[in-house]
Amino acid sequence: MSVAKHSFALISVVIPIRNVVDFLSAALQSVVNQDYPAIEVIVVNDGSSAATTRMIESCCALYPLIRIIHQPHLGQAPARFRGISEAKGEFIVFLDADDVMLSGSLVMMASTLQQHPEAIAAYGRKITIDSDGGYQGDAPTPPEAYCISGDLLPVLLQGRTVLSNGSVCIRRKVLTA
């Protein structure tokens, strides 16, 4: 499905990373290959070693829409907050370096949020890669988008883990309020 660039707001994908690069290329490819024309990718290097930093920079240099932010090691949560502060997008997606976004995920989540301005987030599916490069959990299936608005407690009490990195697109204003 081809999407007109003016149709959607910018999505910022934030990827915190520290000393792990085995699957970073697959994670980045899954984002840059999305059929969504307004994406920025922010890789927050959270105090990786010099050797790992060079590998991160080499991997990210392949894609012009990626920015790398370097910071001393502060942990994943501060790295995500740093990514939010650097983000320009109306929507934010967090992705771990060992996760792969399903094709079409950003289009589905962004269009769901645009159709439901009352929703604070939309979520879908993602893939986690294991140490052999295979998929953990279910095999890839087509993405579906769901809305989250109002009280999340009933959804969470049903056992539906909706707030998983790589599978939720959040309005930036909710994260910065």
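For the structure, check the block above.
Here goes a summary of the coordinates provided.

1. Section: the nonpolar core
With 34 residues, the main nonpolar core has Val13 and Leu28 as its most contacted residues. Contributions of two or more residues to this core are made by strand E1 (11-17), helix H1 (24-32), strand E2 (39-46), helix H2 (50-60), strand E4 (91-94) and helix H4 (105-115). For this core, the leading source of residues is H4, giving 5 residues. Val13 has contacts with Val31, Ile39, Glu40, Val41, Ile42, Val93, Leu95, Met101 and Leu106, leaving out every residue within four places of it along the chain.

2. Here's the deal with helix H3 (residues 76-86)
Count 3.6 residues to each turn of an α-helix, and residues three or four apart come out pointing the same way. All buried positions along H3 are accounted for by Ala79, Arg80, Gly83 and Ile84. What you see down the axis of H3 is that its buried residues fit within an arc of 145°, all on one side. Structural note: H3 exposes Phe81 and Ser85 on the side pointing more than 90 degrees away from its buried face. Among the structural elements, E1, E2, strand E3 (66-71), E4 and helix H6 (172-176) are those in contact with the buried residues of H3.

Reading the values: the criteria
- Residue indices begin from 1 for each chain and proceed along its sequence in written order.
- In view of the model being predicted, local features appear only for residues whose pLDDT reaches at least 70, and side-chain atom pairs are presented and counted only at 80 or more, with totals across whole chains, interfaces and linings using the full set of residues.
- To get the side-chain values, take all heavy atoms of the structure and skip hydrogens and water.
- Nine residue types can take part in a nonpolar core, namely buried Ala, Val, Leu, Ile, Met, Phe, Trp, Tyr and Cys, and a core is a set of them joined through side-chain atoms within 4.5 Å.
- The classification of residues rests on relative accessible area computed with a 1.4 Å probe and restricted to protein chains. Under 20% of the type maximum is buried, over 50% is exposed, and intermediate values are partly exposed.
- Put simply, DSSP H or I for four residues or longer makes a helix, DSSP E for two residues or longer makes a strand, and each gets a number counted from the N terminus.
- Should any heavy atoms of two residues lie within 4.5 Å, those residues are counted as being in contact.
- An arc is given here, and it is the one of the directions from the helix axis to the C-beta atoms.

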